Amino acid sequence: MTNWRRFWLCLVLALPMLAEMTLMLWHVMLPFSREYSLIATTLIMLIAAKPYIVSAWAAFKRHLANMNTLVAVGTSITYLYSVFAYFTGRAVYFESAAFVLIFVLLGDAMEEKMHANAEAALSKLLDLQAKEAEVKRNGEFIKIPLAEVVPGDMIKVRPGEKVPVDGKVLEGQSTINEAMVTGESMPVKKQPGDSVIGATVNGAGMLLMEAEKVGKDTMLSQIMDVVKKAQNSRAPIQKLTDQISNYFVPIVLILSIATFTVWYLISSDPVQAMLFAVSVVVIACPCALGLATPTALLVGSSRSARLGVLIKDGEVLEKAAKVDALVFDKTGTLTEGHPQVVNQVGDSDALLLAASLEASSEHPLASAIVDQAQKAKLSLLPVANFAAVEGQGVKGLIDGQEVRVGKDEFAGNRIFAKQGEALAKEAKTVVYVQKAGETIGLLALQDPPKAEAKSVIQQLKERKIKTVMLTGDNSAVANAIGQALGLDQVIAGVLPQEKAEVIEELKKTGTVAFAGDGINDAPALATADIGIAMGTGTDVAKEAGGIVLVKNDLKGVLRALDVAKKTFQRIKLNLFWALIYNLIGIPIAAGVLVGVGISLSPELAGLAMALSSVSVVTSSLMLNWVKIAGQAS
Amino acid sequence: MLMKILVVAIALALTALTCWWFFGNFDKKQAHAEIINGQQEGRVVVKGGYEPEVLYLKQGVPAEITFDMEDQTACLSRVVFPDLGVDQDLTLAKESKIVIPTDKKGEIDYACGMNMFHGKVIVQ
């Protein structure tokens, strides 16, 4: 029988007793009420108390005691005394035993239900998957169940359909809504060569894709695994409850014995003393303490997963809640990771001419110039007699005129020199464009900071977190970016293998988080108190670092810190509430406040106990609605 | 008066008994998993705790533990292995099987959902 069924059955059995208690207020007595409560409570004891008593006895034999012990002891004493009282013509307290059990059952049933709700958030992720895929087999596209898709399959994704597995676009163009996996709310453009993630939703275009990862290897499955592990992991703060839980129940039993003794000595009324002692046993709630951390972790980690932030375990979460300094890798983390044309000075033809020449060059900066021309939708011109001049630039004939693109001394002149120098001071690479012996303009290139970088740094500062940039680049470039973004400290010229040492040094001053590329920066990620791997691929589980951002977006860093902080605050709040509840509830139940007219009957104590564990779970569920950076709720 | 003295005496005795029974040093039940056809089969009965509390497994032999659910209370309804990322609802079936990795030596702790009852698997 489920706890819900037990609860309803017992409630129905107890209703006449409830009516009796209410009518007593008007001094109305129901006939045979003593007989009914004996029979009904005996049935309730068999239905509801038996499992607790059986479990408590089995635990007792093993020198253990828990919640079940308290319920079993409290209700058995009340019931057995009432049976004795019934046959000796004394006042009976059957309703106390009955209602304590009903409330305990209600608490258990509600808590189970809410636990299931919190877990459901995770399984919702799995529901996102497509059920079947349209795969090319023997030259024809046929629909097959998702489980039969293998890597290498060619899959057709129609407009509005879900991408079935992880893979690469072969043909077609479309936008894809990746919000469910990356937390990014804007649809992402996809064209041949781009990777797509299973369970994301295709927009208006038709796509032909190649399956690369299926089943357990897909990003979604990996996310599920990481989140599940995190939810069941333990946070260091739980050591506190571990220690308390070992002593809690035996101490409550001792307090109850003491309560009985003291009340008996004061009042000489064993029945009154027994009711106080039973209230103490019943109100104590070790459950609330035990539930405080796991339920918050459960809700916090699935909330963050939906935001594209994977926190690997409770320990990481607890540390991330107290970060003092955040160290960023530069290239690819704070910046886009590849140079772009950021300034253009002079004749507007300069870009077209430069791009036409550079299209034949293999220099890393060349592709940035060509990309820029393509973005501006310029059609490149034919070039004759192309030549690369080592260390200087490139030259060639366009429309019969010599065009040079390169350094100051190769293609520059005095008119643009001043502007060029100013741009160079900002750590940009300046390229001059010369046509028929005359300099017509210049282009400045830089690996630009990400669009969101400045506001993220600003918000970190508002959170009183020190921001540091760690890079292998030279200090001129590093400082220029550092200044533009407003970083607190720039550490430049650091070799990859030295990064971990620098982090070690920084750790002496506080808790250090490092955000960087999951593969190249693995040692630094592992050394930092909290490693934040910026998403680079679909292998989220393999990424080093305790936190993985599914999307390479700096706002994820803020979200990660926010989720960690809010979850940890919630854990502390839950623990505080659970402790305070017991610390206040037990003395009241023991009758300490009888002098001022406050006392609790066993059934009210039972209700309080049930509500306390339900309130802790509710508090954890509230994490689903707290404000996280860049996300209203 | 005599009655009051008697009550105090009984209360003190009960307190002492409670302390001894719950805080005293008692041995935990231990057992070794059986190896059948190259597969280790452990069995843990869930009833007011875990029986045995400590289960020994042999390193390198694939292992599975069967949790036999004999408890009807919410307390023991789930078993959680924090290190393995396992949180199993034991109320779904009378017996639930959990695969334990035995590639490394060491202790794997588990507990009920509220972390009140503890059990341990030792791979050696």
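Residues numbered from 1 in each chain as written. Chains lettered and ligands numbered in written order. Predicted model: local features only at pLDDT ≥ 70, side-chain atom pairs only at ≥ 80, totals over all residues. Heavy atoms only, no water.

So, about the overall build of chain A. Helix and strand content of chain A: 21 helices and 22 strands. Rg of the C-alpha trace for chain A: 35 Å, well past the compact-globule value of 26 Å for 633 residues, more than 25% over. The principal-axis extents of the C-alpha atoms in chain A amount to approximately 120 × 60 × 45 Å. Expressed as a percentage of the 633 residues in chain A, the buried residues total 53%. (Helix = DSSP H or I, 4+ residues; strand = E, 2+ residues; numbered from the N terminus. Rg over C-alpha atoms; globule rule 2.2 N^0.38 Å. Buried < 20%, exposed > 50% of the residue type's maximum accessible area, 1.4 Å probe, protein only.)

Time to look at the overall build of chain B. When you go through chain B residue by residue, the secondary structure sums to 1 helix and 11 strands. Walking chain B from its N terminus toward its C terminus, one meets helices and strands in the order α-β-β-β-β-β-β-β-β-β-β-β. Taken over C-alpha atoms, the radius of gyration comes to 19 Å for chain B, far larger than the 14 Å a tight globule of 124 residues would show. Reported as C-alpha extents along the three principal axes, the dimensions of chain B are approximately 70 × 30 × 25 Å. Scored against the burial criterion, the 124 residues of chain B give a buried share of 47%. Of all intrachain contacts in chain B linking residues separated by at least 6 positions in sequence, the fraction that spans at least 24 positions is 52%. Carbon together with sulfur atoms contributes 57% to the accessible area of chain B, which is approximately 6500 Å² in total. If the 12 positive side-chain charges of chain B are averaged to one point and the 16 negative ones to another, these points end up 4 Å apart. (Contact = heavy atoms within 4.5 Å. Areas by Shrake-Rupley, 256 points an atom, 1.4 Å probe, with all protein chains shown as cover. Lys, Arg positive; Asp, Glu negative; His and termini not counted. Charge placed at Lys NZ, Arg CZ, Asp CG, Glu CD.)

Another aspect to go through is the sheet that holds strand β5 (residues 174-177) of chain A. Spatially, 3 strands are ordered β6-β5-β8 (chain A) in an open sheet, and the strand pairing comes out antiparallel. Edge positions in the sheet fall to β6 (188-190) and β8 (201-202) of chain A, since each of these pairs with one other strand and no more. (Pairing = 2+ DSSP bridges.)

Now for empty space enclosed by the protein. Scanning all chains against the criterion turns up 3 cavities of 30 Å³ or more. Around the largest cavity, the lining residues are A:Met67, A:Val104, A:Gly107, A:Asp108, A:Glu111, A:Cys287, A:Met609, A:Ala610, A:Ser613 and B:Met114. When residues of the lining of the largest cavity are traced back to their parent elements, those giving at least two are α4 (94-127) and α21 (602-621) of chain A. Element by element, the count of residues in the lining of the largest cavity is highest for α4(A), at 4 residues. (1 Å grid on protein atoms, 1.4 Å probe; cavity = no way out; pocket = protein on both sides within 12 Å on 5 of 7 lines; lining within 4 Å. Points joined across faces, edges and corners; volume = space filled by probe spheres on them.)

Turning to the side chain of A:Ser76, a few remarks are in order. All names here are of chain A. Considering the arrangement of structural elements, one finds serine 76 in helix α3 (residues 67-87). Taking relative accessible area as the criterion, serine 76 reaches 18% and is therefore assigned buried. Leave out the neighbours within four places in its chain, and serine 76 touches Met45 and Ile53.

Right, let's get into the pattern of salt bridges. All names here are of chain A. Within this structure, the stated rule accounts for 22 salt bridges over all chains. In this structure, the salt-bridge partner of lysine 190 is glutamate 178, at a minimum N-O distance of 3.0 Å. Residue lysine 190 is located in strand β6, and its partner glutamate 178 is located in the loop between β5 and α5 (179-182); the two are separated by 12 residues in the primary sequence. Lysine 190 gets classed as buried once you look at its relative accessible area, which sits at 8%. Residue glutamate 178 is classed as buried on the basis of its relative accessible area of 7%. (Salt bridge = Lys/Arg side-chain N within 4 Å of Asp/Glu carboxyl O.)

What the second largest pocket holds in volume is close to 840 Å³. Every residue lining the second largest pocket is counted, 29 residues in all, and those nearest its centre are A:Val73, A:Ile77, A:Leu253, A:Ile257 and B:Leu14. The set of elements that each furnish at least two residues to the lining of the second largest pocket consists of α2 (33-61), α3, α7 (238-267) and α8 (270-283) of chain A together with α1 (2-23) of chain B. No other element matches the 11 residues that α1(B) contributes to the lining of the second largest pocket. Of the residues assigned to the lining of the second largest pocket, the class counts are 25 nonpolar, 4 polar and no charged. (Nonpolar A, V, L, I, M, F, W, Y, C, P; charged D, E, K, R; others polar.)

Okay, the packing of aromatic side chains next. Throughout the structure, instances matching the rule amount to 22 aromatic pairs over all chains. Centroid distance A:Trp263 to A:Phe276: 4.3 Å. Interplanar angle 15°. Geometry classified as stacked. Here A:Trp263 is found in helix α7, whereas its partner A:Phe276 is found in helix α8, with 13 residues between them in sequence. Residue classification places A:Trp263 among the buried positions, given a relative accessible area of 15%. Taken together, a centroid distance of 5.8 Å and an interplanar angle of 50° make the contact between B:Trp21 and B:Phe26 tilted. A cation over an aromatic ring shows up here: A:Lys156 above the ring of A:Phe141, its NZ or CZ 4.6 Å from the ring centre. (Phe/Tyr/Trp six-rings, centres within 6.5 Å; stacked < 30°, edge-to-face > 60°. Lys NZ or Arg CZ within 6 Å of the ring centre and 35° of its normal.)

It is worth spelling out the sheet that holds strand β1 (residues 30-32) of chain B at this point. Residues and elements named next belong to chain B. The 6 strands are arranged β1-β5-β11-β10-β7-β8 in an open sheet whose pairing can be described as mixed. Both edges of this open sheet fall to β1 and β8 (86-89), since each of them pairs with a single strand only. Put simply, the sheet's adjacent strands are angled 20° from each other on average, direction ignored. (Axes fitted to C-alpha atoms, helices over the stretch in contact; angles between N-to-C directions.)

Residue and element names in this part refer to chain A. For the pair α3 and α7, the least separation of the axes is 9 Å and the interaxial angle reads 20°. Considered as vectors, α3 and α7 are oriented roughly parallel to each other. Contact residues: α3 offers Met67, Thr69, Leu70 and Val73, while α7 offers Val249, Val252 and Leu253. Across the contact of α3 with α7, the residue classes tally to 6 nonpolar, 1 polar and no charged. (Parallel < 35°, antiparallel > 145°, perpendicular 65-115°, else oblique.)

This part takes up the confidence of the model for chain B. For chain B, the average pLDDT comes to 89, and 100% of its residues sit at 70 or higher. This prediction of the complex comes with two scores: 0.80 for pTM and 0.88 for ipTM. (pLDDT = per-residue confidence, 0-100.)

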